[in-house]
Amino acid sequence: VQLQASGGGLVQAGGSLRLSCAASGSRSSINALGWYRQAPGKERETVARITRGGVTNYADSVKGRFTISRDNAKNTVYLQMNSLKPEDTAVYYCNAGFSMATAGPFWGQGTQVTVSS
């Protein structure tokens, strides 16, 4: 499975961005798609995940501001990020796997999101 992420950029605090991640290759066993992020000097953390059936979970820090969705026909997962804060600045990675319990084995290349104050 190959993952191609896009949509990062520079935005002012309070602004919005939408990330996209398209999956290609052997996708039939993939159930969970998700987004993770890693800020400088910090560990990678879960942002949001979604199953093929649409069950979602979010990090507490993004609840109410970020929305994850997926288009199964297009094999694409999206992350709509609203009310962005400087602390959301990080490299965002999409991920694909088999369950919601842990990160899957497939990672995209990462896309930079920078939120200025």
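Refer to the structure above for everything that follows.
Quick caveat: nothing in here was measured; it's all calculated off a predicted structure.

Caption draft 1: Structural detail: the environment of Gly110. Its place among the elements puts Gly110 in the loop between β10 (106–107) and β11 (111–116). A C-alpha to C-alpha distance of 7.0 Å links Gly110 and Cys94, two positions 16 residues apart in sequence.

Caption draft 2: Structural detail: the side chain of Ser20. Looking at the secondary structure, you find Ser20 in strand β3 (residues 17–24). In this view, Ser20 contacts Gln4, Ala5, Ser6, Trp35, Val77 and Tyr78; residues no more than four positions away in its chain are not counted.

Caption draft 3: Looking closely at the state of the cysteines. Under the counting rule described, the total for this entry stands at 1 disulfide. Between the sulfur atoms of Cys21 and its disulfide partner Cys94 the distance amounts to 2.1 Å. Measuring the twist about the S-S bond at about 50°, one finds the Cys21-Cys94 disulfide to be right-handed. Residue Cys21 is found in strand β3, and its partner Cys94 is found in strand β9 (residues 90–97); the two are separated by 73 residues along the sequence.

Caption draft 4: Broad picture of the pattern of salt bridges. Considering all chains together, one arrives at 4 salt bridges under this definition. For Arg37, the salt bridge is made with Asp88, and the minimal N-O distance between the two is 2.9 Å. Taken as a pair, Arg37 in strand β4 (residues 32–38) and Asp88 in the loop between β8 (76–81) and β9 lie far apart in primary sequence, 51 residues in all. The exposure classification of Arg37 matches that of Asp88, with both residues buried. Residue Lys63 pairs with Asp60 through a salt bridge whose shortest N-O separation is 3.1 Å. Asp60 gets classed as exposed once you look at its relative accessible area, which sits at 65%. Connected through salt bridges with shared partners, the residues Arg37, Glu45, Arg65 and Asp88 form a single ionic network.

Scoring rules and cut-offs
- Residues numbered from 1 in each chain as written.
- Predicted model: local features only at pLDDT ≥ 70, side-chain atom pairs only at ≥ 80, totals over all residues.
- Heavy atoms only, no water.
- Helix = DSSP H or I, 4+ residues; strand = E, 2+ residues; numbered from the N terminus.
- Contact = heavy atoms within 4.5 Å.
- Disulfide = S-S within 2.5 Å.
- Salt bridge = Lys/Arg side-chain N within 4 Å of Asp/Glu carboxyl O.
- Buried < 20%, exposed > 50% of the residue type's maximum accessible area, 1.4 Å probe, protein only.

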